[in-house]
Amino acid sequence: MKETAYQYKNLPIPGGGYVTGFLFHPVKENILYIRTDIGGSYRFDYTGKRWQPLTETVNMYDLAQTYPIAMAVDPVRPEMLYIASGINSSCNEDGEPFGKLSVSSDYGKTYVHHKIPCYVHGNMNGRGTGYRLVRDPSDEKTLYFASQKDGLFRTGDLGLTWEKLKTCGESYMTFVWCSPDGNTLIAGSAGVTTGDERLRGHSLYVSYDKGAHFEKLMMPKSVEIPGSKWSGYVAHRYDYDGTYFYCTLVNTGLHSYVTEMGYSCDSGDTAGGRILRYSFDSSGHITGYDDITPEVWADADGIHTLARETVRDYGYGGISSCRSMPGLLAASTICREEGDMVFISRDYGKTWEVALFDLSIGNLSFRAPYMKPEYNGGHSLIHWLSDVKINPFKPDEVWFNSGTGVFVSKDFTKESRKFQDWCDGIEETVHLNVYGPVDGPVKVLDIVGDLGGFAFTQVDKPCENSFADAQGNRYITCINADFSDFHPETVLVTPRGNWKGKTKGGLILSHDYGQSFERIPLPYGISRYLDERFGQIERPNVNSGWAAISSDTKGMVYCVAEGIDLFAKGVVVSCDGGKSFEKVRIYNLDKEDITDTKTHFKVFADRVEPNTFYGFGDGFCLFVSKDKGKSFYQVQKALFSETLCMGLIDCANKTEIRGEAGKTGIFYAALGSYGLYKVFFKQDETQITPVITRISGKEDHVYRLGLGVLRPEGSYLKEDKALYICGVIDGIYGFFRSFDDGRSWEKINNDMQQFGDINSIDGDSRCFGRYYIATGSFGLKYGEPV
């Protein structure tokens, strides 16, 4: 097979996702790592001032490394890096879950992998705590791992074998610390397996014999917090400055959407937070603790004080010390309803001041355009602030995380300190669909989780804002977009309403290529089922569905979502540009009306003929409408098992269908293990007959596909198309292109260019050779020949 060298870059967002933790090397300067919930790990390049991805070699068949739960370094060998990661699908032959330990001896460039014999998931509950993975400072081959719900583990051979330690019956761990001599261990927990209906169990344990025996570590007694989903302290994060051990505590809040593991970012809110400082005697035994909980707090009215023993309505997340400036501490709240705070102390936590709160304290500015307050209700968009770290060599350099990237101060100890986002190189968004419009100022339409969507006019410059209303309020998690190839300025999109309720989900319409939008009112009153769905869709953060628009832009068919499913009973049509809607009628091969059934059904518009729409059902059964989408008739029975589900959306959608621009009735379909197909809906005076051709090899798997311009200076609308796919061709996984409708393929990536989960692909309709990859972990990529 021919191979063509490609280079890949990101269309910059940047940031966009939850960074779950930082890790500085304690001895060697300028080594800083981060882990993310779904986007792998990064190292900061202090020379180029950019984050460098460490896991883009991961492919769709093994995504574990894109979900890191913990990282560790070797204090003696700075080139060593250890990453614990995992996802739900990782199970052994007996169905038991396992995680992955990745060991690198070159700062994360390459890895050797071993199994961790327990449940590990970097995007599930407990991801915001730490450190979960540590290297024993006294033994270069010993690592400890605090798992999310299977207890505390130790390996003495860097992951080849593991043993489970007994931590007083507690299994839901949050962190582990090992003393410099390796004798003392402190384990944090969520107190789940040792709790009762009223309170969580104890959450701090200590061992003075290298983990052979654990006992409860002294700590404040848990109290019931009125309204809490489950009261009791959870040990969240820790730090050690060579003298003291510091630990933050949280309780599950009043509005938590999970219970057992309802803490950190995984709860929605926290309460009853505290910060403790533990002292040691000369033998390394803990002698007691001091409560150093900040007595100051801030809101829109200013700075206030309250006694340490007063129960807070928020928890504390990050804690960090600085050995080059003894006594300096940074700490933060987590999931605070009024907005999180960052604190500074110069006396080991005896006194604190608020260093950052919203936009009123700390001089917070934003470099990424979509983060600006004017697009976020006039407030800071910082949320899920679960970690804060001081550079051990530069006390003024402080980093903290958020649900949308990382922020830094370079003058933290100064009274005039400033903070700003610094996400250059971090592309951690989940992209669901991507489109290359045929004309106009917008080069790429990007459909993305959480942030909604972007209309890129340049491939190397961030957009000013994501899809938003006239007031700049952003929509979130769009599902798909459609536009007319003859009127690409008209774009129909299916967004969710944002978390604050400033926008509502459903359908939005643009007349300027996706650069501004107006919302189409949802058509209540058609059916009880639809009214129920519309009511849900107008709530924050609910999937809206899937839509198609006719080539003359007057016809719209809207498949209303029920979660991640599109059902026949939820399909409506408009023939007047969204002014009015009616219910679509759908008939099977026996002419039976299946309109009010939960038959999966997804629609696409003919790229030329304005009166024609197509429907795709499970098993790849096909439907056609010739009356502007008012009624669909089945024209092809299912070719495959109905486990090939065509009516799913969001990340559950495992197929991709593209209509060929400039031609009527031609579609390409990537059907995973079933391969790649071309469908020609042949029409005569009396009927429509689909002609279906498999254009990939019998053993080939094709997961995603896009269509691009066939040659330099070619006509995208008038000529055949270049095919770009992701899949397995001739037994080789990768990205491929074809200029002869799939008769031959060229491989266009190497082993370093895999990019994790792939949700969508499209070719560029104007720039020959360029194509776009909507990844589930590493942002939106574009590839071009070298």
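Computed from a predicted model, the values in this text were never measured in an experiment. (Residues numbered from 1 in each chain as written. Predicted model: local features only at pLDDT ≥ 70, side-chain atom pairs only at ≥ 80, totals over all residues. Heavy atoms only, no water.)

### Remarks on helix H1 (residues 528-537)
All of the buried residues in H1 are Tyr529, Leu530, Arg533, Phe534 and Ile537. With its buried residues spanning 130 degrees around the axis, H1 presents them on a single face. Where the residues of H1 are buried, they touch strand S42 (556-562) and strand S43 (565-574). (Buried < 20%, exposed > 50% of the residue type's maximum accessible area, 1.4 Å probe, protein only. Helix = DSSP H or I, 4+ residues; strand = E, 2+ residues; numbered from the N terminus. Arc of directions from axis to C-beta. Contact = heavy atoms within 4.5 Å.)

### Describing the environment of glutamate 337
Mapped onto the elements of the fold, glutamate 337 is located in the loop between strand S26 (329-334) and strand S27 (341-345). On the basis of relative accessible area, glutamate 337 is assigned to the exposed category, the value being 69%. With 211 residues separating them along the chain, glutamate 337 and alanine 548 place their C-alpha atoms 39 Å apart.

### A look at the state of the cysteines
The final tally for this structure, using the stated rule, is zero disulfides. Here cysteine 168 stays free of any disulfide, with the sulfur of cysteine 247 as its closest cysteine sulfur at 16 Å. In this structure cysteine 651 is a free cysteine whose sulfur lies 14 Å from that of cysteine 478, the closest cysteine sulfur available. Residue class for cysteine 651 comes out partly exposed when judged on its relative accessible area of 33%. (Disulfide = S-S within 2.5 Å.)

### A word on the sheet that holds strand S28 (residues 353-357)
Taken in spatial order, the four strands line up as S25-S26-S27-S28 in an open sheet, and their pairing is antiparallel. Looking at the sheet topology across the chains shown, the edges are occupied by strand S25 (315-321) and S28. Going from strand to strand, the sheet's axes swing by 25 degrees on average, the running direction of each strand aside. Note that S26 and S27 share four bridges and pair antiparallel. Bridging from a neighbouring strand, serine 332 pairs with valine 342 of S27. (Pairing = 2+ DSSP bridges. Axes fitted to C-alpha atoms, helices over the stretch in contact; angles between N-to-C directions.)

### Thoughts on the layout of surface pockets
In this structure, the second largest pocket encloses a volume near 790 Å³. Contributions of two or more residues to the lining of the second largest pocket are made by strand S3 (19-24), strand S7 (68-73), strand S11 (133-135), strand S15 (173-178), strand S19 (234-240), S25 and strand S30 (388-391). Partitioning the lining of the second largest pocket into residue classes produces 20 nonpolar, three polar and five charged. (1 Å grid on protein atoms, 1.4 Å probe; cavity = no way out; pocket = protein on both sides within 12 Å on 5 of 7 lines; lining within 4 Å. Points joined across faces, edges and corners; volume = space filled by probe spheres on them. Nonpolar A, V, L, I, M, F, W, Y, C, P; charged D, E, K, R; others polar.)

### A short note on the sheet that holds strand S5 (residues 41-45)
The four strands lie next to each other as S3-S4-S5-S6, forming an open sheet whose pairing is antiparallel. Edge strands, defined here as strands with exactly one partner in the open sheet, are S3 and strand S6 (50-53). Across the sheet, the mean angle separating the axes of adjacent strands is 30 degrees when strand polarity is ignored. Sheet topology note: the S5/S6 ladder contains four bridges and is antiparallel. Paired with phenylalanine 44 across the two strands is tryptophan 51, which belongs to S6.

### Side note on the nonpolar core
Counting 66 residues, the largest nonpolar core has Trp51, Trp399, Phe400, Phe735 and Tyr771 as the members making the most contacts within it. Ranked by size, the runner-up nonpolar core spans 53 residues in total, among them Phe623, Val624, Ile649 and Ile657. (Core = buried A, V, L, I, M, F, W, Y, C linked by side-chain atoms within 4.5 Å.)

### Observations regarding empty space enclosed by the protein
Overall, the coordinates contain four cavities of 30 Å³ or more when judged by the stated rule. Of the voids in this model, the largest cavity is the one considered here, and its volume is about 410 Å³. Put simply, the parts of the chain that give the lining of the largest cavity at least two residues each are strand S34 (431-435), strand S37 (481-483), strand S41 (545-549), strand S46 (602-605) and strand S50 (656-659). Looking at the lining of the largest cavity element by element, the count peaks at four residues for S50. Within the lining of the largest cavity, the residues separate by chemical class into 15 nonpolar, six polar and seven charged.

### Quick look at the packing of aromatic side chains
Applying the stated rule across the entire model yields 56 aromatic pairs. Measuring from ring centre to ring centre gives 4.6 Å for phenylalanine 467 and phenylalanine 517, while their planes differ by 50 degrees; the resulting arrangement is tilted. With phenylalanine 467 in the loop between strand S36 (452-456) and S37 and phenylalanine 517 in the loop between strand S39 (507-510) and strand S40 (518-520), this residue pair connects regions lying 50 residues apart in the sequence. Like phenylalanine 517, phenylalanine 467 is buried. Among the aromatic side chains, those forming a connected cluster through ring pairs are Trp546, Phe604, Tyr614, Phe616, Phe620, Phe640, Phe667, Tyr674, Tyr677 and Phe681. (Phe/Tyr/Trp six-rings, centres within 6.5 Å; stacked < 30°, edge-to-face > 60°.)

### Regarding the pairing of strand S21 (residues 270-280)
Of all 11 residues that make up S21, 10 are buried, and the element is covered over most of its length. Of the pairings in the sheet, the one linking strand S20 (residues 245-252) to S21 comprises seven bridges and is antiparallel in character. Looking at the pairing, cysteine 247 lines up with leucine 276 of S21. Here S21 pairs with strand S22 (residues 286-291) via five bridges, running antiparallel. Of the residues in S22, the one forming a bridge with serine 279 is glycine 288. Two successive antiparallel strands, S21 and S22, enclose a turn made up of five residues, where glycine 284 displays a positive phi of approximately 90 degrees.

### Things to note about the pattern of salt bridges
Counted according to the given criterion, the structure contains 39 salt bridges. A salt bridge links aspartate 424 to arginine 367; its shortest N-O distance comes to 2.6 Å. Taken as a pair, aspartate 424 in the loop between strand S33 (419-421) and S34 and arginine 367 in the loop between strand S29 (364-365) and S30 lie far apart in primary sequence, 57 residues in all. Several salt bridges share partner residues, and in doing so they unite Asp74, Arg77, Arg135 and Glu140 into one network. (Salt bridge = Lys/Arg side-chain N within 4 Å of Asp/Glu carboxyl O.)

### Regarding unusual backbone geometry
Residue isoleucine 13 is joined to proline 14 through a cis peptide bond whose omega torsion reads -25 degrees. By secondary structure assignment, the location of proline 14 is in the loop between strand S2 (6-10) and S3. Note the cis peptide between glycine 130 and tyrosine 131, where omega equals 5 degrees. Mapped onto the secondary structure, tyrosine 131 falls in the loop between strand S10 (112-116) and S11. The backbone phi angle of cysteine 168 is positive, close to 55 degrees, even though this residue is not glycine. The backbone of threonine 553 sits at a positive phi, close to 70 degrees, despite the residue not being glycine.

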